[in-house]
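What follows is the residue order along each chain.
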Amino acid sequence: MFKILTLLLFIFINYSYAEDIEITNWFNQESKEFLEIMNNADVEKHQNYEKYKAFVETNFALKSIAYGLLNEKIIEKNDKETLLRYENTFKAYLTKTIYNLANTSTSGEIILKDIDVKDGVYIINSDISDRTSSVSLYWKVAKIKDSYKILDIIVENTSYFVTKKSEFTKILRKSRGSLDILIKELEKI
Amino acid sequence: MKNLFKVLLLQILLFVPYVSFANSDEIPIESSVSYDEIYDPLEPINRAILDFNFFIDDIAIRPVIKTYKFIAPDPVEKGVSNFFSNLKEPIRVISFVFQGEFMKSVNSVGRFSINTITSLGTFDLASRIGMAENETDIGLTLAKSGVSSGPYIVVPIIGPSNFRDLSGNVVEFLVDPISNSVPNRSYVSIGSGLNSRAELDEEVDQIREVSTDKYEMIKSIYYQNRNSQIEEDFVQNLPTPKIYIE
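If you're wondering where the values come from, they're calculated on a predicted model, not measured in any experiment.

Parameters at a glance
- Residues numbered from 1 in each chain as written.
- Chains lettered and ligands numbered in written order.
- Predicted model: local features only at pLDDT ≥ 70, side-chain atom pairs only at ≥ 80, totals over all residues.
- Heavy atoms only, no water.
- Pairing = 2+ DSSP bridges.
- Helix = DSSP H or I, 4+ residues; strand = E, 2+ residues; numbered from the N terminus.
- Buried < 20%, exposed > 50% of the residue type's maximum accessible area, 1.4 Å probe, protein only.
- Contact = heavy atoms within 4.5 Å.
- Salt bridge = Lys/Arg side-chain N within 4 Å of Asp/Glu carboxyl O.
- Buried area = accessible area lost by both parts, 1.4 Å probe.
- Polar contact = N/O pair within 3.5 Å; in protein donor to acceptor, adjacent residues only side chain to side chain.
- Nonpolar A, V, L, I, M, F, W, Y, C, P; charged D, E, K, R; others polar.

**Student:** Would you take a moment to explain the pairing of strand E1 (residues 109-118) of chain A for this structure?
**Tutor:** In regular strands, side chains alternate between the two faces of the sheet. Residue and element names in this part refer to chain A. The sheet contact formed by E1 and strand E2 (residues 121-129) spans nine bridges and is antiparallel. By the bridge assignment for E2, Glu-109 is matched with Ser-129. Adjacent in sequence and paired antiparallel, E1 and E2 are bridged by two residues, among which Asp-119 carries a positive phi angle near 50°.

**Student:** So what exactly am I meant to see when it comes to the environment of Leu-112 of chain A here?
**Tutor:** All names here are of chain A. Along the chain, Leu-112 falls in strand E1. For Leu-112, a relative accessible area of 25% corresponds to the partly exposed category. A sequence separation of 44 residues divides Leu-112 from Gly-68, and the C-alpha atoms of the two residues are 27 Å apart. Discounting residues that sit within four places of it in the chain, Leu-112 has contacts with Thr-24, Phe-27, Ile-124, Asn-125 and Ser-126.

**Student:** Just to check I follow, could you spell out the pattern of salt bridges for this structure?
**Tutor:** Oppositely charged side chains can form a pair if their charged atoms are brought close together. Counted by the stated rule, this structure contains 30 salt bridges over all chains. Residue Glu-22 of chain A is joined to Lys-143 of chain A by a salt bridge in which the shortest nitrogen-to-oxygen separation is 2.9 Å. Of this pair, Glu-22 of chain A sits in helix H1 (residues 2-38) while Lys-143 of chain A sits in strand E3 (residues 134-144), placing them 121 residues apart in sequence. Glu-22 of chain A sits in the partly exposed class, given a relative accessible area of 36%. In this structure Lys-143 of chain A comes out as partly exposed when scored by relative accessible area, which is 33%. Among the charged side chains, a salt-bridge network with shared partners connects Asp-57, Asp-58, Arg-62, Lys-66, Arg-197, Asp-201, Asp-205 and Arg-208 of chain B.

**Student:** Sorry, what's going on with the interface of chain A and chain B here?
**Tutor:** A common way to express how large an interface is: the accessible area buried when the components associate. Taken together, the 52 residues of chain A in the interface contact 38 residues of chain B. In total, chain A and chain B occlude about 4200 Å² of area from one another, counting both sides; carbon and sulfur atoms represent 56% of this. Close ionic contact of Glu-43 of chain B with Lys-170 of chain A constitutes a salt bridge, the shortest N to O distance being 3.0 Å. Taken together, the links from chain A to chain B amount to 19 residue pairs in polar contact (both at pLDDT 80 or more). A total of 14 residues in the side of chain A that touches chain B trace back to one element, the largest contributor, which is helix H6 (residues 160-174) of chain A. Looking at the side of chain A that touches chain B residue by residue, the class counts come to 23 nonpolar, 13 polar and 16 charged.

Function cannot be read off these values alone, since they describe shape.
Take a look at the structure:
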């Protein structure tokens, strides 16, 4: 009995350790790529935008974030075509937001501080810094179909998801739950 | 009689009935995110004040800040920022005492003494020798004592606040030993305000560029920042989207 328990514990520890290494490697690789795009001042603006777009498509849980910003009832109320249109518009909006946020500054490095897990979501604590200052940056990441996807970014205690949820909820309230109006508002940006 | 009037006025303000002036065309949409439900009965007035603040910012404050940021080298900006932050240490000392955080209070005394003596507060030597800055204020002290935030308020020129934090600011204005000993304290207040605006310049530009609703964005950011100073495990407790298979 004792041997079985020890074996199970050993397997569990090994599994957790392997997951830790896997997500650490993913984070180091993707944050390095992000910094390269961010600090790449040589290319034309539109080229950099395309790189951000590819980064967002690869690394963000777009459907989860886009749907998470809506109310379940609104998702049920709208047809697949409208939801797909919303997803695509949101993807462009998210890319634009990340582009605006990152492309106005340069940064030296992203330092991984620690990784916590809550309800199956990894909470990665990091610092993004240049020569003069450092900014706290948390990433909420989930493993979806064997790849890691970002669910939220929290910069200096401001969550992208929570902030956008407040904004989108207001637009939907004002428009009596019209997803079309939300899409139009997002297209304006 | 005057005091009785003040007490009554305070009570009326504290217990503003939950009457929402929000647009009646809006439909309630359930949400799992509590940040959507911030108590905001004064929204139409707040929105008007925010528009006014942006107008003033556009015509007067923003050009001054942009010029200042263009002219002043980074070390100068940092020095000015340190100077105003150092002026807040006495308030932090008082706040930490009321929060029962005596070590942090002593740390603030030490920081103020070291930084004032060595550089009039323009260089944060204390941090370099291991005495890190701990942010707090009277509003946070009230929050930690269990006082609820009350309605969200946008203050003309100053910006986002709530009843609790605004009350904290009033108390700070009355008890701040530094500002009270300066001959013309309005210069200090204006300087401090402009410095805070300069520190947030990039964020304000972001709000202008990518927000679908500036008012909601600023309100959400304000509450998240304040809550991060009040709650332990703030990040862990933030709502996370439900996972959909991509």
